[in-house]
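Structure at a glance
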Amino acid sequence: MEKQRLQFPKGFLWGAATAGHQIEGNNVNSDWWAWEHGQMRENALRKEGKNPAQFYSGIACDSFNRFDEDFGLAQYLNHNATRLSIEWARIEPREGEYNEKALDHYEKVLQSAKFHGFTTFVTLHHFTSPLWFARKGGFAEQQNIDHFVRYVKLATKRLSQYTDFWLTFNEPEIYSNLGFLRGRFPPQIKSVRIMLRVIRNIISAHNLCSEYIRHEIRQPVSIAYHLSDLQPTGFFGHLSAGLAHYIANRYILSRTINACDFIGVNYYFHHHIGLFGKRGKSQSGHEETDLGWGIHPEGLERVLTSLIKYKKPIYITENGLADAHDTKREKFIKDHLYFAHRAIKKGADVRGYLYWSLIDNFEWDMGYGPRFGLIAINRESLLERKIRYSALKYGEICKNNYLEY
Ligand code: BGC
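To start, this report covers the structure provided alongside it. (Residues numbered from 1 in each chain as written. Predicted model: local features only at pLDDT ≥ 70, side-chain atom pairs only at ≥ 80, totals over all residues. Heavy atoms only, no water.)

Another aspect to go through is the site of the ligand. Gln 22, His 126, Phe 127, Asn 170, Glu 171, Tyr 268, Trp 293, Glu 318, Trp 356, Glu 363, Trp 364 and Phe 372 make up every residue found near the ligand. In this structure, Glu 363 approaches the ligand through a side-chain N or O atom, which is 2.5 Å from an oxygen atom. The separation between an oxygen atom of the ligand and a polar side-chain atom of Trp 364 is 2.9 Å. Relative to its unbound accessible surface of 310 Å², the ligand loses 94% to contact with the protein. When the residues that make up the shell around the ligand are grouped by side-chain class, the tally is six nonpolar, three polar and three charged. (Near = heavy atom within 4 Å. Polar contact = N/O pair within 3.5 Å; in protein donor to acceptor, adjacent residues only side chain to side chain. Areas by Shrake-Rupley, 256 points an atom, 1.4 Å probe, with all protein chains shown as cover. Nonpolar A, V, L, I, M, F, W, Y, C, P; charged D, E, K, R; others polar.)

On to the packing of aromatic side chains. All told, the structure shown has 41 aromatic pairs when counted by the stated rule. Their ring planes at 55° and their centres at 4.8 Å tell us that Trp 32 and Trp 364 sit as a pair that is tilted. Of this pair, Trp 32 sits in helix 2 (residues 31-36) while Trp 364 sits in the loop between strand 12 (350-356) and strand 13 (375-378), and the two are 332 residues apart along the sequence. By the burial criterion, Trp 32 is buried, and Trp 364 matches it. Judged by centre distance (6.4 Å) and plane angle (65°), the ring pair of Phe 362 and Trp 364 falls under edge-to-face. Residue class for Trp 364 comes out buried when judged on its relative accessible area of 4%. Against the face of Tyr 251 rests Arg 255, its NZ or CZ located 3.8 Å from the ring centre. (Phe/Tyr/Trp six-rings, centres within 6.5 Å; stacked < 30°, edge-to-face > 60°. Helix = DSSP H or I, 4+ residues; strand = E, 2+ residues; numbered from the N terminus. Buried < 20%, exposed > 50% of the residue type's maximum accessible area, 1.4 Å probe, protein only. Lys NZ or Arg CZ within 6 Å of the ring centre and 35° of its normal.)

Moving on to the environment of Ile 359. As for its placement among the helices and strands, Ile 359 is situated in the loop between strand 12 and strand 13. Distance in space between the C-alpha atoms of Ile 359 and His 270 is 24 Å, their sequence separation being 89 residues. If sequence neighbours within four positions are ignored, Ile 359 has contacts with Ile 23, Cys 61, Ser 63, Asp 70, Gly 373, Ile 375, Ile 377 and Arg 385. (Contact = heavy atoms within 4.5 Å.)

What follows covers the pattern of salt bridges. The full count for this structure, using the stated rule, is 26 salt bridges. Of the charged contacts, one joins Arg 214 and Asp 261 as a salt bridge, the two residues approaching to 3.0 Å between their closest N and O atoms. Within this pair, whereas Arg 214 is found in helix 10 (residues 192-217), its partner Asp 261 is found in the loop between helix 11 (237-256) and strand 8 (263-266), the two being separated by 47 residues in sequence. For Arg 214, a relative accessible area of 24% corresponds to the partly exposed category. The partner of Lys 334 in a salt bridge is Glu 330, and the shortest N-O contact between them spans 2.8 Å. Linking Lys 334 with Glu 330, this pair stays in helix 13 (residues 329-345), spanning four residues, or about one helical turn. Each member of the salt-bridge network shares a partner with another, and the members are Glu 100, Asp 104, Glu 107 and Arg 158. (Salt bridge = Lys/Arg side-chain N within 4 Å of Asp/Glu carboxyl O.)

The subject of this paragraph is the environment of Arg 94. For Arg 94, the position within the fold is in the loop between helix 5 (88-91) and helix 6 (100-115). Assessed through its relative accessible area of 44%, Arg 94 is described here as partly exposed. Placed 38 residues apart in sequence, Arg 94 and Trp 132 show a C-alpha to C-alpha distance of 6.4 Å. Sequence-distant contacts of Arg 94, that is, excluding residues within four places in its chain, are made with Asn 29 and Trp 132.

Structure below.
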């Protein structure tokens, strides 16, 4: 069959996303750093027969020093946008003590992003917090919200010359779930009650920060929401899928959407929902990523069209896969873009796509195993950067602003 040319809207933003702790290295004043080096974590890894040394973020990709090189590669790949996060733990390493050098550093990072021609998306909280904040109970305590708001005011004011879009939080759904309900991420709490408190406080924090960013900084703000495609199976599946959709995709969104100028969408998952909740992986013979996550590009169309009713611009702030051998990435990206394009035709105001991730990086509790990058990082050879073939293919789409499909 002859290929069709799918044109994306004029001014569409193309790029990739990263997060501070995952790429910078030596984020020593953060709760994650403390957790990675804690006895509890190390013992748990040893019990699983794993070597804790392989699960420290350590120097990460050394992007703290190599950011200009990374942006240069992204520019070479025809990106016109980038998403990164700044580390609160560097900016306020101790309560009330702001580190001017860290702010200067992020100013330089963003200047470099601008120098390379990017529209910038900056996340203020991407899973990590300063250790002192976590020790005070973090977002589980209502009185701590002010600490976050103070940091956000300071950082947004200082950096706004080089920023275009702000994201207060990355995936509050995942952050609250893995850290406070499932006990997988620090602080490894398992409590519905505490998780709900965290969610409530994050909602308030977002709404307060958004007020400031909109009125004082006068730049658009949102959250990078983790939105999944949940499809019912069986008669009772409809009931539970509706409930699951509300809890997983709408609880936080519906309480923060009025304080958002656009919608950030992180899309990774599709689940079939039966009477008793999730029904495992893909059912329709779809391929899987290296992490065993089913690949369901068609779900992206449903996620995007379900947002039309909010009447806001949409940016896909994350979408990607772990694929060490780069055998699935090109198709993955093209398929997802095909369904994003279908959503646009149906009326979803999608204005950008940021692949996760620009470079292979520290995949949280899974260490450096999963390879999400458009650019490979050789951890055996001075963190050498090597552009993957799929990155070149994605780069053609970025350049053309259309997809041949
Ligand atoms: C997170 C990233 C993470 C990616 C892949 C997203 O949920 O925002 O930090 O690396 O998923 O797991």
